[in-house]
Amino acid sequence: SDIADGLSRGIEGIGASVSEALFEPVIRLGVTGLSRAGKTVFITSLVANLLDRGRMPGLTRGGDITAAFLQPQPDDTVARFAYEDHLAALTGPTPHWPEGTRTVSELRLSFRVQPSGLLGGLRGPRTIHLDIVDYPGEWLLDLGLMDKSYAQWSEGVLGRMSARPGGADYLALLAETDASAKLDEPTAKRLAEVFTTHLNAAREAGYSDCSPGRFLLPGDLAGSPVLTFAPLPKGEAPRGSLAREMERRYDAYKAQVVKPFFRDHFARIDRQIVLVDVLGAIHAGPAALEDLRQSMAGILQAFRPGTAGFLASLLGARRVEKILFAATKADHLHHMQHARLTAITGALLREAKDRADFAGAETLALSIAALRATTEEMVSHDGGELPAVRGRLMDGRNAALYPGDLPSDPAQLLAPARGGAQHWLDADFDIMAFAPAPITLRPGEGPPHIRLDKAAEFLIGDKL
Ligand code: GDP
């Protein structure tokens, strides 16, 4: 029986090592959001805090992690997320914000996890890989182009253009352009340039839907024909004309830029966090907020592919399992206002969220700050007290500021027809450009983030 025991132990041993090698689960976590939503800061802080889990009390399964380490990523042709550079920017002697996301990038963080529970001690530690995929939310908005013809797209874009910054310039240029004339490259280039300037100006003014996404973040496509097109009104488009070529380039953009992104990156994501600068949009005013709401609905369209169409055929039965909507930069508010921010985020995403729920994904809305740059303070004002936050501004001054009020009922913000079209966050919010705080938080001041651990718990806790 000794021999039999030894034999069965040996077989068990072989079994464990084989299954270990074959079965190391991989979670692909997508991180997206429009430009400046906070993706780069979020990923850097998430990784730093997962590597040092003492600061993540809300990640309840975190105690089972015996080690966390960075490893080479699985995709050799995708840029690596520059974690070390970004961390150095945030935590160096003169902390500053890193450069934001401009393209898709990836980072693999691996965990050794000791299973807990009754049988936990009997099972050996497991390895789990977290592949973090960072990509611009603008690229998701391009999904809206896939089922639009050039004429339909042009009509929509030209329709909303006059109300937006830089739109009048483009319309003026159009008025003096004969689109049915023979293609002339300088004319095409000029139209694309003025159109891009308009998109950038609209983005600057707080508008969210400034697609096509690559016009704002061209990467190595800058100057190529797929980015040298612009919308034109319906009209004659004879062979060889400017109009005909613009249409062809629009179609090439869809086929050669949008489609490969969805196929190579989006289709492989298991869990997703969508970061949203809700505070910034509220501050920018009702038009920007309404545009953000519509953009979110557009973005979330990607998570409800339906049963027909380009994305459905690409995804097959595969679906994103969990989607977290996180309002970022919550450290601009005293925590007394966090519940309101979360409620507004939930309401803002209601339409989009219902669609995602429909696809069977579990969703949650949270208010977070990946990197807390402020501490809380009550300041006296007109005989009362205001909930303020204190931090170091970019110009070096240290100040306690009050951003202004958020409404208790999200409808006051999101239903302009019912009297919501007024301005909120119009006290000190404008000057609240905080520098990242050096990590010197004293005991009692809490962790260097807000609810980053809750975000991690929702996104990956069940897999640890
Ligand atoms: P990305 O374009 O989505 O990658 O955005 P970034 O991560 O570069 O963030 C854009 C800017 O938002 C940063 O430069 C910071 O000014 C600000 N920011 C991002 N996260 C936080 C945060 O947690 N707290 C504060 N106070 N500011 C943040």
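Note: the structure precedes this text.
Source: prediction; values computed, not measured.

Undergrad: Honestly, the packing of aromatic side chains in this entry has me stumped. Any pointers?
TA: Think of a pair of aromatic rings as described by two things: how far the centres are apart, and how the planes are tilted against each other in angle. Per the counting criterion, the structure on display carries 17 aromatic pairs. A ring pair is formed by Phe195 and Phe215, whose centres lie 5.7 Å apart and whose planes are at 75 degrees; its orientation type is edge-to-face. Separated by 20 residues along the polypeptide, Phe195 in helix 8 (residues 185–204) and Phe215 in helix 9 (residues 213–216) bring together distant segments of the chain. For the pair shown, Phe195 and Phe215 are each scored as buried. Three or more aromatic residues joined by ring pairs make a cluster, and in this case those are Tyr150, Trp153, Tyr170, Phe195, Phe215, Phe229, Tyr250 and Tyr253. In this structure, Lys322 is placed above the aromatic ring of Phe458, and the distance from its NZ or CZ to the ring centre is 4.5 Å.

Undergrad: Which parts of the structure should I look at to understand the nonpolar core?
TA: Side chains of nonpolar character tend, in soluble globular proteins, to be buried together. Membership of the largest hydrophobic core comes to 88 residues, with the highest contact counts inside it found for Tyr170, Phe262 and Phe266. At 10 residues, helix 10 (residues 242–264) tops the list of elements feeding residues into this core. Dropping the residues within four chain positions of it, Phe262 is found in contact with Trp139, Leu140, Leu143, Ala267, Ala302, Phe310, Leu311 and Leu314. Phe111, Leu275, Ala370 and Leu464 belong to the second largest nonpolar core, which has 39 residues in total.

Undergrad: Honestly, the packing of helix 7 (residues 167–175) against helix 8 in this entry has me stumped. Any pointers?
TA: Geometry of a packed helix pair, given as the angle between the helix axes and the separation of the axes. It is the contact of helix 7 with helix 8, at a shortest axis distance of 8 Å, that shows an interaxial angle of 160 degrees. Classified by the angle their axes make, helix 7 and helix 8 are roughly antiparallel. Helix 8 is crossed by helix 7, and the crossing has left-handed handedness. In this structure, helix 7 uses Gly167, Asp169, Tyr170, Leu173 and Leu174 to contact helix 8, whose residues at the interface are Arg190, Leu191, Val194, Phe195 and His198. Residue classes in the contact of helix 7 with helix 8 are distributed as six nonpolar, two polar and two charged.

Reading the values: rules and limits
Along each chain, the written sequence defines residue order, and numbers are assigned to residues from 1. Where local features are concerned, this predicted model is filtered to residues with pLDDT of at least 70; where side-chain atom pairs are given and counted, the filter is 80 or more; whole-chain, interface and lining totals use all residues. Side-chain measures here rest on the full set of heavy atoms in the structure, leaving out hydrogens and waters. Aromatic rings from Phe, Tyr and Trp, taking only the six-membered ring of Trp, are treated as a pair when their centres fall within 6.5 Å; an angle between ring planes under 30 degrees marks them as stacked, one over 60 as edge-to-face, and anything in between as tilted. For helices the rule is a DSSP run of H or I covering at least 4 residues; for strands it is a run of E covering at least 2, with both sets numbered from the N terminus onward. Here's how the labels work: a residue is buried when its accessible area is under 20% of the maximum for its type, exposed when over 50%, partly exposed in between, all with a 1.4 Å probe on protein chains only. Here, a charge over a ring is recorded when the distance from Lys NZ or Arg CZ to the ring centre is within 6 Å and its angle to the ring normal is within 35 degrees. Put simply, buried Ala, Val, Leu, Ile, Met, Phe, Trp, Tyr and Cys residues joined by side-chain atoms within 4.5 Å make one nonpolar core. We call two residues contacting when some pair of their heavy atoms lies within 4.5 Å. For every element, the axis is a line fit to its C-alpha atoms; helices are fit only across the contacting stretch, and the angle between N-to-C directions ranges from 0 to 180 degrees. Oblique is the label for any angle not covered by the other classes, which are roughly parallel (under 35 degrees), roughly antiparallel (over 145) and roughly perpendicular (65 to 115). Crossing handedness follows the turn of the near helix against the far one: under a right angle anticlockwise gives a left-handed crossing, and clockwise gives a right-handed one. Amino acids outside the nonpolar list (Ala, Val, Leu, Ile, Met, Phe, Trp, Tyr, Cys, Pro) and the charged list (Asp, Glu, Lys, Arg) are all regarded as polar, and Gly is one of them.

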